[in-house]
Amino acid sequence: QCSEDAFRQLVLDGMLLETDCVDPTDLSKLADVVFAKFGTQQALVERLPLNRFRLARANDGYLLLAALFREKVIASFVTLNFDLVAIKALSDVGAIDEVAIIRGPEEHGNHRAHNVIFLHRSVDAPADQWILRTNQIAAAWRDGWEELIALRVVSNPITIFIGLGSPAAVLIESVSRVRAAVPGGTHVYQVDVSDKQHSAYFAALALTDDDYIQMGWTQFMEELSARVLAEQSLQLERGCREARAEGELDDADLKTIVTRVTAAGLLALGVIRAQWMLKASVYHPALEP
């Protein structure tokens, strides 16, 4: 939709003709047309909804992402989007001091154990630094920062691709290189709402049926957080059992209390924990004192 709207504005402003772009729904193809005509993609970027990208509100999936960063479940989150919603979520959940924001090669030195990485740059980057054009996505990344980042990230034991459309060659080829170097050393999953037969990533990554999880972004993050919550519930119950005084609270009472405390989910438990422990942050993880 963003691509179509930008194309319509370019035509109305007399910069392009209706026939200049065969597929205005493909942002990369539109960027190719604009760059070929003007030698810059500035006119296209200016017609994208930049304020929406900067001020987008985090949905539950992104808030859970931030919470899972605080729980030390996720090492790095690499986005191909330009919006800042992941940063907003980190702020909302109090994770800003724990997660590095890497918006391009100029911030490579900021890497930590946990990172949010804008592989194609963010909305705040100069227009001609945005990774938009077909050749940039297909080949220009070789021997560059994008390749370095991709290899570093997919070298982790588990890599999950979520909601990706057209294959990004840097990600696919990096996975292949890591698999060749360390057979069995990394496992790759894909999460998407569409059937696996319609997924270019499923074929390109040579995934098995068990590696493909058919669901949306938010649902997947909810299920992942539910797994973390289940473990925390057991730990909480165990801690209560050890801390109770003799004769106080039988096991059934403890289970009832823990069930009520954890019923609203991981985010709510983190809020409760922060309040109990008088923390300034809105959310407090289980792993910190």
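Just so it is clear, the structure is predicted and the values come from calculations on it, not from any experiment.

Details of helix H6 (residues 85–92)
For H6, the full list of buried residues reads Val 85, Ala 86, Ile 87, Ala 89 and Leu 90. Where H6 is buried, its residues touch helix H5 (60–70), strand E1 (76–79), strand E2 (100–102) and strand E3 (115–118). Two residues or fewer after H6 comes Gly 94, characterised by a positive phi angle close to 75°.

Here we look at the sheet that holds E1
Spatially, E1-E3-E2 is the arrangement adopted by the three strands of the open sheet, whose pairing is parallel. Every other strand in the sheet has two partners, leaving E1 and E2 as the edge strands with one partner each. On average, each strand axis in the sheet is inclined to that of its neighbour by 15°, with strand direction left out of account. Sheet strands in contact with H5 are E1 and E3, and its direction is about 145° off that of E1. Seen against the sheet, helix H8 (residues 145–154) touches E1, E2 and E3 and runs at an angle of roughly 145° to E3.

Brief notes about the pattern of salt bridges
In total, this model carries 18 salt bridges according to the counting rule given. With its nearest N and O atoms 3.0 Å apart, the salt bridge here joins Asp 124 to Arg 54. Of this pair, Asp 124 sits in the loop between E3 and helix H7 (134–140) while Arg 54 is found in helix H4 (residues 50–55), placing the two residues 70 residues apart along the sequence. Among the residues examined, Arg 54 registers a relative accessible area of 34% and is labelled partly exposed. Between Glu 107 and Arg 103 there is a salt bridge; the shortest N-O distance is 3.2 Å. When its relative accessible area of 16% is taken as the criterion, Glu 107 is described as buried. Through salt bridges with shared partners, a single network forms among Glu 237, Arg 241, Arg 244, Asp 251 and Lys 255.

Definitions and cut-offs
- Residues numbered from 1 in each chain as written.
- Predicted model: local features only at pLDDT ≥ 70, side-chain atom pairs only at ≥ 80, totals over all residues.
- Heavy atoms only, no water.
- Buried < 20%, exposed > 50% of the residue type's maximum accessible area, 1.4 Å probe, protein only.
- Helix = DSSP H or I, 4+ residues; strand = E, 2+ residues; numbered from the N terminus.
- Contact = heavy atoms within 4.5 Å.
- Pairing = 2+ DSSP bridges.
- Axes fitted to C-alpha atoms, helices over the stretch in contact; angles between N-to-C directions.
- Salt bridge = Lys/Arg side-chain N within 4 Å of Asp/Glu carboxyl O.

Scope: geometric values only; no functional claims are made or implied.
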